[in-house]
Amino acid sequence: MYSVEAMINISRAFRNTSTTALETELSLESLSIRRKMHRIVLYFKMVKGISPPYLKSLIPTHGTTRDRYLIRERGIPVPWSRIVWYGRSFVVQSTRDWNSLDTKLKDINDISKFKIAMKLNLKISKPNKLYFFGNEPAQTHHSRMRLGISHLNAQLFLYIKAVNPDCPHCAGTPESIVHFFLNCPHYTQQRDLMLQRLDALQNTHDIEISNLPPKEKIKIFLQGGSKYDLTINSAIFTEIQNFIEASQRFRVNSSG
Ligand SMILES: [Zn+2]
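This one's a predicted model, so the numbers in the text were calculated from it and none came from an experiment.

**Let's talk about the packing of helix 10 (residues 138-147) against helix 15 (residues 230-247)**
Step number 1: For the pair helix 10 and helix 15, interaxial distance at closest approach is 9 Å and the crossing angle is 105 degrees. What the angle tells us is that helix 10 and helix 15 run roughly perpendicular. Contact with helix 10, carried on its side by Ala 138, Gln 139, His 141 and His 142, involves Ile 240, Gln 241, Ile 244 and Glu 245 of helix 15 and no other residues of that element.
Step number 2: Considering only residue class, the contact of helix 10 with helix 15 consists of three nonpolar, four polar and one charged.

Structure, rendered in structure tokens:
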């Protein structure tokens, strides 16, 4: 179980970061998926007879060979639900979930194998290794930018944590991610080095960054390229995080 608090601690994100953004960042499944997973595993134990008898007896089954055949063909009979709250109750909901599973899943008898198969079935994803790549403190600032709330004034301003959204070096220009990475004249030297190194990467690998429009460039800077493997994306992230570090933008007392 992950509380928002725990997710913030894991990702070192700001308190105001949206829960969905954090879940995506950490690849944590939503509460409803976790509940479904928990329910179906408990139901599995009941069906397979590895739960205490009082739980097993909750499942509506019949004893004859024909009934067992029907259960296999049509699923376990869903108890007739007269009122909505009963319809939502554990047995009814889980029976429906169970019946909707593929026969291959229902035929599994080993609980650990069943859990793995269910995770795949519910598309519970593995954490994106790339998002844990890099060294502190640049990695934290990089991931905060991706989450939409970093120390960049335009992001802080959205959460009423900055009095104005302007770049500390360019009055009247919001300090957006695009401004910071691509336009702010204060970081020209650091940016030239980053772009040069990204160009070198582009020349040796089958990737495309330099000709992309700013928004797509930033997407790759923050999330990596969806078509690139972990090695290439890590190499891109190294250059981005080197830039973040070299900019000195997030050093204490330089938040503008
Ligand atoms: Zn600027």
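**Thoughts on the pairing of strand 2 (residues 170-174)**
Step number 1: In the sheet, strand 1 (residues 166-167) pairs with strand 2 via two bridges, with the strands oriented antiparallel. Its bridge partner lying in strand 2, Asp 166 is registered against Pro 174.
Step number 2: The turn joining strand 1 and strand 2, which pair antiparallel and follow one another in sequence, is formed by two residues.

**Some remarks on the confidence of the model for the protein chain**
Step number 1: Per-residue pLDDT for the protein chain averages 81, and the proportion of residues at 70 or more is 78%.
Step number 2: Model confidence for the protein chain, summarised as mean pLDDT per element, is weakest for helix 6 (residues 84-87) at 54 and strongest for helix 12 (residues 177-183) at 96.

**Overview of the nonpolar core**
Step number 1: One finds Leu 152, Ile 236 and Ile 240 to be the most contacted residues of the largest nonpolar core, which totals 19 residues.
Step number 2: Counting residues per element, the ones that place at least two in this core are helix 10, helix 11 (153-158), helix 12, helix 13 (188-204), helix 14 (214-223) and helix 15.
Step number 3: Per-element accounting of this core gives the leading share, five residues, to helix 15.
Step number 4: The contact partners of Ile 240, leaving out residues within four places of it in the chain, are His 142 and Phe 221.
Step number 5: Counting residues in each nonpolar core, the second largest holds seven residues, with Ile 40, Met 46, Ile 76 and Trp 98 among its members.

**Some thoughts on the packing of helix 13 against helix 15**
Step number 1: Contact geometry of helix 13 with helix 15 gives a least axis separation of 9 Å together with a crossing angle of 170 degrees. Our classification of the angle between helix 13 and helix 15 gives roughly antiparallel. Along the contact surface, helix 13 presents Gln 190, Arg 191, Met 194, Arg 197, Leu 198 and Leu 201, while helix 15 presents Ala 235, Ile 236, Glu 239, Asn 242, Phe 243, Ala 246 and Ser 247.
Step number 2: Taken together, the residues of the contact of helix 13 with helix 15 sort by class into seven nonpolar, three polar and three charged.

Rules used throughout
- Residues numbered from 1 in each chain as written.
- Predicted model: local features only at pLDDT ≥ 70, side-chain atom pairs only at ≥ 80, totals over all residues.
- Axes fitted to C-alpha atoms, helices over the stretch in contact; angles between N-to-C directions.
- Helix = DSSP H or I, 4+ residues; strand = E, 2+ residues; numbered from the N terminus.
- Parallel < 35°, antiparallel > 145°, perpendicular 65-115°, else oblique.
- Contact = placed C-beta atoms within 7 Å.
- Nonpolar A, V, L, I, M, F, W, Y, C, P; charged D, E, K, R; others polar.
- Pairing = 2+ DSSP bridges.
- pLDDT = per-residue confidence, 0-100.
- Core = buried A, V, L, I, M, F, W, Y, C linked by C-beta atoms within 7 Å.
- Buried ≥ 20, exposed ≤ 12 C-beta atoms within 10 Å, placed from the backbone.

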